[in-house]
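Chains, contacts and geometry: an overview
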Amino acid sequence: MTSYKLLLLPGDGIGPEVMAEVEKVIGALDALGLARFEIERDLVGGSAIDAHGKPLTDEALARADAADAILLGAVGGPKWADVAYEIRPEAGLLRLRKDLGLFANLRPAICYPALADASALKRELVEGLDIMIVRELTGGVYFGEPKEITTLPDGSKRAVDTQVYTTAEIERIAHVAFDLARKRSGRVASAEKHNVMKSGVLWKEVVTKVHADYSDVTLEHVLADNCAMQLVRRPKQYDVLVTDNLFGDVLSDVAAMLTGSLGMLPSASLGAVDAKGSRKALYEPVHGSAPDIAGKGYANPIAMIGSLAMCLRYSFGLGEAADLLESAVTRTLASGARTRDIAAEGITPISTSEMGDAIIRELKHAA
Ligand code: NAD
């Protein structure tokens, strides 16, 4: 059986706690003969600042570059609130994304039947929800130049951010979305604002052109503001939703809240496919380091375990093992197991490690 090189970067706060559960799942997958890994570990974020004075060392970056995939917990926390901007914990994560060219951010928003009542929307609107948001991650207004605040002659200030996209940047993210749609229900919605933004005009034009290679997939264009409204009005109309960095940031947070808890949401950040057919990839929960609950055994490990399932599917082609792991999570929730963040009133919550153990029991039962 192929052994995959996996780099684990637990990070800060609840990062190491949820990563410990993933390590247990990795052990179980190995014992069941479903997947084999060569594990390496390193530091990122505040823990790397404490040990090395910077949030990501060159050695850790080289390790990440050499790995088949990276799993990251979360970075940051009040302990590092006052470090210099260039070496803040998040800078380690941004460097990983930028240096490894991770331009495609995949954020599934899945509403588990057992948790439909935890959503901000009515059960019938979200039950069975399964959206994949594909957000462009390395371009757009967060990176465009000029990006500055200047002082005007009258002493007041002027701030500029630049929204910029090239044909190539839009093409590659559109391909990711259409390829994914082929493996799902064959529908893509593309969100931009071509009515008021030139980058939106180009976005729509390029996505339409790329669509010509995917006659089996349907494409719908939607204005990003209308898309936000539709996500809370009738979210199940969407399957794959592709959009730029800024709109993706906002729309994926809206979609996150449809599912109930931040502790449930995994994500993948993918790079370009190379000549050998492989791609750089980093998998991480959507949530942060949750300093308010760190060290208490309260953290929900499902987002982190779901990130491992995405890694099995998208980096290693182990769709069957990913399905088994995801259905183990579904059954664990159906059995009533709840960490504090998803426990309804009157339900006694279980700890982070008890949730990990319960998922592994279901995994072993199904395999
Ligand atoms: P957060 O996601 O850490 O926490 C928000 C709320 O959700 C908290 O109440 C927290 O207890 C809860 N929560 C989050 N994950 C949970 C889980 N797995 N189980 C149960 N409850 C969970 O966001 P925040 O409080 O805004 O940020 C805290 C720190 O994390 C900051 O330093 C921030 O910069 C950092 N952060 C890091 C990342 C990342 O590493 N990718 C992302 C977001 C925030």
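Residues numbered from 1 in each chain as written. Predicted model: local features only at pLDDT ≥ 70, side-chain atom pairs only at ≥ 80, totals over all residues. Heavy atoms only, no water.

The next thing to look at is the domain arrangement of the chain. Partitioning the chain into structural domains gives domain 1 (1-103 + 271-367) and domain 2 (107-264). Across the boundary between the two partners, domain 1 contributes 19 residues, which contact 19 residues of domain 2. Roughly 1700 Å² is buried in total at the junction of domain 1 and domain 2, and carbon and sulfur atoms are behind 72% of that figure. It is Lys98, Phe103 and Val286 in domain 1 that bury the most area against domain 2; as a group they hold 35% of the surface buried on that side. At the junction of domain 1 with domain 2, the criterion picks out zero salt bridges. (Domains from an automatic or database assignment. Contact = heavy atoms within 4.5 Å. Buried area = accessible area lost by both parts, 1.4 Å probe. Salt bridge = Lys/Arg side-chain N within 4 Å of Asp/Glu carboxyl O.)

Moving on: the nonpolar core. Formed by 71 residues in total, the largest nonpolar core has its most connected members in Leu71, Leu106, Val134 and Leu312. Both of domain 1 (1-103 + 271-367) and domain 2 (107-264) provide at least three residues apiece to this core. Membership of the second largest hydrophobic core comes to 20 residues, among which are Leu121, Leu129, Leu241 and Phe247. (Core = buried A, V, L, I, M, F, W, Y, C linked by side-chain atoms within 4.5 Å. Buried < 20%, exposed > 50% of the residue type's maximum accessible area, 1.4 Å probe, protein only.)

Note on placement: Thr352 falls in helix H12 (residues 352-366). Only 2.7 Å separates the side chain of Thr352 from the backbone oxygen of Ala299, close enough to count as a polar contact. Ignoring any residue separated from it by four or fewer positions in sequence, one finds Thr352 in contact with Glu17, Glu21, Gly297, Tyr298, Ala299 and Pro301. (Helix = DSSP H or I, 4+ residues; strand = E, 2+ residues; numbered from the N terminus. Polar contact = N/O pair within 3.5 Å; in protein donor to acceptor, adjacent residues only side chain to side chain.)

Pairing in this open sheet of 10 strands is mixed, and the strands run S2-S1-S3-S12-S11-S4-S5-S10-S8-S9 from one edge to the other. Two strands close off the open sheet at either side, each with one partner strand: strand S2 (36-41) and strand S9 (218-223). Geometrically, the sheet is characterised by an average inter-axis angle of 25° between neighbouring strands, direction not taken into account. Sheet topology note: the strand S4 (residues 104-110)/strand S5 (residues 130-136) ladder contains seven bridges and is antiparallel. If you follow Arg107 over to S5, its bridge partner there is Ile133. Of the strands in this sheet, S5, strand S8 (187-192), S9 and strand S10 (240-243) touch helix H8 (residues 224-233), which is tilted by about 105° from S9. The sheet strands contacting helix H10 (residues 302-314) are strand S1 (3-11), S2, strand S3 (69-74), S4, S5, strand S11 (266-273) and strand S12 (279-285), and the helix crosses S12 at an angle near 160°. (Pairing = 2+ DSSP bridges. Axes fitted to C-alpha atoms, helices over the stretch in contact; angles between N-to-C directions.)

Take the pairing of S1 next. As defined by bridge partners, S1 adjoins S2 across six bridges and the pair is classed as parallel. Paired with Leu7 across the bridge in S2 is Glu40. Since S1 and S2 lie parallel, the crossover through helix H1 (residues 15-31) that links them has a hand, and here it is right-handed. Where S1 meets S3, five bridges bridge the pair, whose relative direction is parallel. (Right-handed = clockwise from strand over helix to strand, strands pointing away.)

Turning to the site of the ligand, a few remarks are in order. What surrounds the ligand is a group of 20 residues, the closest being Val75, Glu90, Gly288, Ala290 and Asn300. At 2.9 Å, a backbone N or O of Val75 approaches an oxygen atom of the ligand. At a separation of 2.8 Å, an oxygen atom of the ligand approaches a polar backbone atom of Ala290. Burial of the ligand by the surrounding chains reaches 67%, relative to a free accessible area of 810 Å². Among the residues making up the shell around the ligand, the classes are represented as nine nonpolar, seven polar and four charged. (Near = heavy atom within 4 Å. Areas by Shrake-Rupley, 256 points an atom, 1.4 Å probe, with all protein chains shown as cover. Nonpolar A, V, L, I, M, F, W, Y, C, P; charged D, E, K, R; others polar.)

Looking now at the environment of Ile293. You can see Ile293 is positioned in the loop between S12 and H10. Using a relative accessible area of 23% as the deciding quantity, one classes Ile293 as partly exposed. In this structure the C-alpha to C-alpha distance between Ile293 and Gly13, which are 280 residues apart in sequence, comes to 8.2 Å. Each residue touching Ile293, except ones within four places of it in the same chain, is listed here: Ile14, Tyr298 and Ala299.

To characterise two packed helices, one gives the angle between the axes of the helices and the distance between these axes. Their axes nearest at 9 Å, the elements helix H6 (residues 167-183) and helix H7 (residues 198-211) cross at an angle of 50°. One element, H6, and the other, H7, form an angle in the oblique class. The way H6 lies across H7 gives a crossing that is right-handed. Residues Thr167, Ile170, Glu171, Ile173, Ala174, His175 and Phe178 of H6 lie in contact with H7, whose contacting residues are Leu202, Trp203, Val206, Val207, Val210 and His211. Here the residues of the contact of H6 with H7 sort into nine nonpolar, three polar and one charged. (Parallel < 35°, antiparallel > 145°, perpendicular 65-115°, else oblique. Left-handed = near helix turned anticlockwise from the far one by under 90°.)

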